[in-house]
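This is what each chain is made of:
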Amino acid sequence: MNRRTQKACLLIGGGGTGKTTIILKLLLEVFVEYFPPEEGEDRYIVTTFSHAQGAAISDENFKAQTAHTATCYRVASLRNKDMNLNLKQKEMEHRWQPKILLVEDEAGLFPAMVQNMLLFRSMKGRETFHELNPFNYGEQQHLFGHMPIVIIAGDFLQIKPPNEVSVADNLEVLRAAGKKIHPEHTIAQNAILDIHDVIHLKISKRFLDEAMPPLTKALRASRPDAPLPEAQLTALRSRKIEICQKELATPLFADGHIVGMCWENVARSMAERAHRDAMKLNVPLYCLQAADQRAAFQGTAHEDLVTHSLLTVPNIHKTGKLHGMLLLHDGMIVRLSDVLAPQHGLVKDRLARVLRVVLHDKDQARLGRLPRGYSQFVPEYMAQGVWIQLFKYKDSPVASQMMSQCGLTQAEAESVIYVELCHAEFKYDVTIDHEIMTVQVIRWQFPLTRGMIRTAYSAQGLTLENGVLVDLRRAGGLQDDDWWLAIYVMLSRARRLANLLLLGFSEQVEDLLRRGPPEGLSKITETRAE
């Protein structure tokens, strides 16, 4: 094995250019015909950074797994000295020794340290059997334990992982700015960016009109010395919400998506949309407050302040991925806010529809005494659970019980699951009497959030059908490069220009679009595509 010539390739291109189709329908289907499983273990592995990205490149025949799952490693130190296999030695050797093909998708979203983890631990899983030299694990021809075939797919014009160093970052600039850069960062970056063979896909199949392909192409090609053409800016101006206000009430946008720069931008829309949709469906809107366990504060005023602060944090990633106040109604489209059971495909961001909120008996009796139809119902007790029907899902662990006890068909039962309360621990800073105090909290809540409203980061890799209201307003502290990437991601989700409504399309946004993508990422894309 260590004398084989490794064939590695970068498969790059913008959204909708067919990377997923090539991998699933061409590469893997042909591969398994010639290389069937060996002792029950597949000869290939498909890996991503997150569960959501894994779901996007999985189908009924081929399942992706996260880098952490693939390397049997959880949240811990990502320095090489701490990543020996230890108790996972046999499991890793059984998993990695037979592999001859590795596909990594959405490489631009990998933090450099996670990329290094995948390179290092895959090598450790193959080191003994294939007699590998562990010191050259990040060099060309030796990547991923001298894997014979390596496909690295993605688009480097993506929002980089929050608070992380990505493989596309300029490490020297970060080091000069005081960022700690480890040898593992450099190894990971060189391993990916030095891959010689590149396939650059340029034609997108995502778009269904004549306006979006040249628009997205022009956005990616814009430079300070060759700015975005005025014709493209005019096309975007035509979709400003100030001009298209009446379209908000049409089904295209009323039932469509909302994408914003950050949680603070979209939180208000979540509440407004929940109230509006519950009224339209004429069903109760359940206002499910989280149960927070924490230390008490002296004085009612301080207690009320802390309670209010914790329950109204917009960004659920600061509160254990659980909302302080979760608004649900029957028929609402939601997504899982955290991983529930990866072995059953119940991973973060999987979409579903709410079938029923199971209340405490006393709350159910109280609701039964109210007039039927819309009302804002605040339970006095914690709800017991939520029945949801997952989209594009047939692996429900309770399917047989649902068929026998509820009379559902097999197709219906296979997509229905019962979501129970989850708990998470987190710390949050609250200002009391001009002093910042850190509050440690254990929160109980249902791991659900709105499915049609999301941030730019979670929208990456998605094609959004129907209308997309894009909130372009800048979040506090966001640098120009990150703002451009977020804007590009949000603008390129819709299938048609007419499916976009733009909120906050200001002169500052226009100037940013004229300047074009971050210089470093532009150079990477251009250099690797030559």
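Look above for the structure.
Residues numbered from 1 in each chain as written. Predicted model: local features only at pLDDT ≥ 70, side-chain atom pairs only at ≥ 80, totals over all residues. Heavy atoms only, no water.

### Let's talk about the overall build of the protein chain
The test is simple: For helices the rule is a DSSP run of H or I covering at least 4 residues; for strands it is a run of E covering at least 2, with both sets numbered from the N terminus onward. With the radius of gyration taken over C-alpha atoms, the globule rule is written as 2.2 Å times the number of residues to the power 0.38. Remark: exposure states derive from per-residue accessible area (1.4 Å probe, protein chains only) relative to the maximum for the residue type, with buried under 20%, exposed over 50%, and partly exposed in between. Residues are treated as being in contact if the distance between any of their heavy atoms lies within 4.5 Å. Only four residue types enter the tally: Lys and Arg on the positive side, Asp and Glu on the negative side; His and the chain ends are excluded. To locate a charge, the coordinates of NZ of Lys, CZ of Arg, CG of Asp or CD of Glu are taken.
On a plain count of helices and strands, the protein chain comes out with 20 helices and 21 strands. Here the C-alpha radius of gyration of the protein chain, 25 Å, is about what a compact globule of 530 residues would show, namely 24 Å. Across its three principal directions, the C-alpha atoms of the protein chain cover 75 × 60 × 55 Å. Per-residue burial for the protein chain yields a buried fraction of 51% across its 530 residues. Taking contacts inside the protein chain between residues at least 6 apart in sequence as the whole, the part at least 24 apart equals 74%. Put simply, the protein chain has 62 plus and 62 minus side-chain charges, and the middle of one group is 2 Å from the middle of the other.

### Let's talk about the sheet that holds strand E20 (residues 468–471)
Adjacent strands of a sheet form backbone hydrogen bonds with each other and so pair up, either parallel or antiparallel. Rule in force here: Here the rule is simple: two strands pair whenever DSSP picks up at least two bridges between them. Axis lines are fitted to C-alpha atoms, over the contacting stretch for helices. Their N-to-C directions set the angle, which ranges from 0 to 180 degrees.
The sheet built from four strands is open, its strands ordered E19-E7-E20-E21 with parallel pairing. Edge positions in the open sheet fall to strand E19 (453–455) and strand E21 (500–503), since each of these has one partner strand only. Each neighbouring strand pair of the sheet contributes to a mean axis angle of 20 degrees, computed without reference to strand direction. Examined bridge by bridge, E20 and E21 share four bridges and lie parallel to one another. Directly across from valine 470, in E21, lies its bridge partner leucine 502.

### Observations concerning helix H1 (residues 19–34)
Quick reminder: α-helices carry 3.6 residues per turn. Residues three or four places apart thus point the same way. Condition: Given the number of residues in a helix, its expected span is that number minus one, multiplied by 1.5 Å. A residue's bend is the angle separating two fitted axes: one through the seven residues that end there, the other through the seven that start there.
Spanning 16 residues, H1 covers 22 Å between terminal C-alpha atoms, matching the ideal 22 Å at 1.5 Å per step. At leucine 28, H1 shows its largest bend, some 35 degrees. Those residues of H1 that sit buried are Lys19, Ile23, Leu24, Leu28 and Phe31. Next to the buried residues of H1 lie strand E1 (7–13), strand E2 (44–48), strand E4 (101–104), strand E5 (149–154) and strand E6 (197–201).

### Re the sheet that holds strand E17 (residues 435–445)
Ordered in space as E9-E17-E16, the three strands form an open sheet in which the pairing is antiparallel. Two strands lie at the open edges of the sheet, namely strand E9 (291–293) and strand E16 (422–432), each paired on one side alone. Put simply, the sheet's adjacent strands are angled 35 degrees from each other on average, direction ignored. With three bridges joining them, E9 and E17 adopt antiparallel strand pairing. Residue glutamine 293 lies in a different strand from E17, and its bridge partner there is isoleucine 442. Contacts from helix H13 (residues 300–311) reach E9, E16 and E17 within the one sheet, and its direction differs from that of E16 by about 125 degrees.

### Quick look at the environment of arginine 474
Basically, it comes down to this: The term polar contact refers here to a pair of N or O atoms within 3.5 Å; inside protein, the definition further demands a hydrogen-donor-capable atom paired with an acceptor-capable atom, and it admits residues adjacent in sequence only when both atoms are side-chain atoms.
Looking at the secondary structure, you find arginine 474 in the loop between E20 and helix H18 (480–491). Residue arginine 474 is classed as partly exposed on the basis of its relative accessible area of 33%. With sequence-adjacent residues up to four places away left out, arginine 474 is seen in contact with Gln479, Asp480, Trp483 and Gln508. At 2.7 Å, the side chain of arginine 474 and the backbone oxygen of leucine 478 are in polar contact. For arginine 474, the side chain forms a polar contact with the side chain of aspartate 480, separated by 2.6 Å.

### Brief notes about the pattern of salt bridges
Any two side chains of opposite charge can pair, so long as their charged atoms come close to each other. Heads up, the rule is: Here a salt bridge means any side-chain nitrogen of Lys or Arg lying within 4 Å of a carboxyl oxygen belonging to Asp or Glu.
Scanning the entire structure with this criterion turns up 33 salt bridges. For glutamate 91, the salt bridge identified is with arginine 95, shortest N-O distance 3.5 Å. With glutamate 91 and arginine 95 both in helix H4 (residues 89–96), this residue pair falls four residues apart, about one helical turn. A residue is classified by how much of its surface remains accessible, and arginine 95, at 16% relative accessible area, is buried. Residues arginine 239 and glutamate 247 are paired through a salt bridge, measuring 2.8 Å at the closest nitrogen-oxygen approach. According to the relative accessible area criterion, arginine 239 is buried, its value standing at 9%.

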